[in-house]
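Fold and contact review
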Amino acid sequence: MAVRGILFDKDGTLIDFRGTWLAAYCGAARDLAERAGLPPDFARELLGRLGYDVVNDTFTTDSPLLWATNEAVANSWAAMPELCALGDVSTVAHSHFGDSERYSVTPIGDLPSLLERLRGRGLKLGVATMDTTAKAVSTLDKLGLGDRVDFVTGYDGGYGEKPAPGMVHGFCSVTGLQPCEVMVVGDTAADLLMARAANAAMGVAVLTGATPRHVLDQHADHVIEAVTVVETLLVS
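Below: a short report on this structure. (Residues numbered from 1 in each chain as written. Predicted model: local features only at pLDDT ≥ 70, side-chain atom pairs only at ≥ 80, totals over all residues. Heavy atoms only, no water.)

**A closer look at the overall build of the protein**
Secondary structure assignment for the protein yields nine helices and eight strands. Relative to the 2.2 N^0.38 estimate, which gives 18 Å for 236 residues, the radius of gyration of the protein is 18 Å and therefore close to what a compact globule would have. Counting only C-alpha atoms and orienting by the principal axes, one finds that the protein spans roughly 60 × 35 × 30 Å. Counting the 236 residues in the protein, one finds 51% classified as buried. Sequence separation of at least 24 residues holds for 63% of the intrachain contacts in the protein that already meet a minimum separation of 6. Roughly 10000 Å² of accessible area belongs to the protein as shown, and the carbon and sulfur atoms make up 51% of that amount. (Helix = DSSP H or I, 4+ residues; strand = E, 2+ residues; numbered from the N terminus. Rg over C-alpha atoms; globule rule 2.2 N^0.38 Å. Buried < 20%, exposed > 50% of the residue type's maximum accessible area, 1.4 Å probe, protein only. Contact = heavy atoms within 4.5 Å. Areas by Shrake-Rupley, 256 points an atom, 1.4 Å probe, with all protein chains shown as cover.)

If you want it as structure tokens, here you go:
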């Protein structure tokens, strides 16, 4: 069955991950280390415990920084013994995660034109993210994409979290599509496993996130350089 809809991940797929989210994670870690009266190097330790090697700029395959909710990341830091005395770890972390002025959102390519071309093909478009729904809507609006998508959900949207299939099913319930008509595009294994769990038409991985290609190859039907070339996978 032909693809009639595309469900995009947001961060790392539509949005530059390193320039936005990785910068926020690093900023939060530095802030927490300073507030705890710990050496600056402890910020590296905080990131390393969540799977990010600052020196080599690499992630472990299961790093929650690549796919988990902001709440989960903040809670992981809050549970670390060196930070327990702070008491406001989650508040500090979220002050960074939600600061779109300090960590500006950078789109990957000309997204308005891309989405307009896809809509011109008659495709239904959606965004499914592990960010909050409100933040996703706000980001899309800032990028001029809000009126180009038919569905937006975050982890708090009532459709569950990745890699469970609920977000794909939610997209289908809103658009009238079947999962076998939906292409899922994302930068992490969680996106691709969600596609498989939902019996989506295909799971497409992009290399603009931070997940190693060998991990994406294990789960993706196709791996492409960036979302900007997703049209090459569509039948004319």
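Picking up after the structure, the text goes on.
**A word on empty space enclosed by the protein**
Applying the stated criterion across every chain yields a total of two cavities of 30 Å³ or more. Approximately 180 Å³ is the volume attributed to the largest cavity. In terms of lining residues, the largest cavity is bounded by 17 residues, among which Asp-11, Leu-66, Trp-67, Ala-68 and Met-130 are the most central. Looking at the lining of the largest cavity, the element that brings in the most residues is helix 1 (residues 17–35), giving three residues. For the lining of the largest cavity, the class distribution of residues is eight nonpolar, three polar and six charged. Roughly 90 Å³ of internal volume is contained in the second largest cavity. Residue lining of the second largest cavity: 14 residues in total, with Thr-20, Trp-21, Tyr-103, Val-105 and Lys-135 positioned closest to the centre. Within the residue set of the lining of the second largest cavity, elements represented by two or more residues are helix 1, helix 4 (89–97) and helix 6 (133–142). (1 Å grid on protein atoms, 1.4 Å probe; cavity = no way out; pocket = protein on both sides within 12 Å on 5 of 7 lines; lining within 4 Å. Points joined across faces, edges and corners; volume = space filled by probe spheres on them. Nonpolar A, V, L, I, M, F, W, Y, C, P; charged D, E, K, R; others polar.)

**Focus on the packing of aromatic side chains**
Counted under the stated rule, the structure contains eight aromatic pairs. Between Trp-21 and Tyr-25, the aromatic rings sit 6.0 Å apart at their centres with planes inclined by 40°, giving tilted as the arrangement. Here the residue Trp-21 and the residue Tyr-25 both occupy positions in helix 1, the gap between them amounting to four residues, near one helical turn. Residue Tyr-25 is classed as buried on the basis of its relative accessible area, which comes to 3%. Clustering of aromatic rings is evident, with ring pairs tying together Trp-21, Tyr-25, Trp-77 and Phe-97. (Phe/Tyr/Trp six-rings, centres within 6.5 Å; stacked < 30°, edge-to-face > 60°.)

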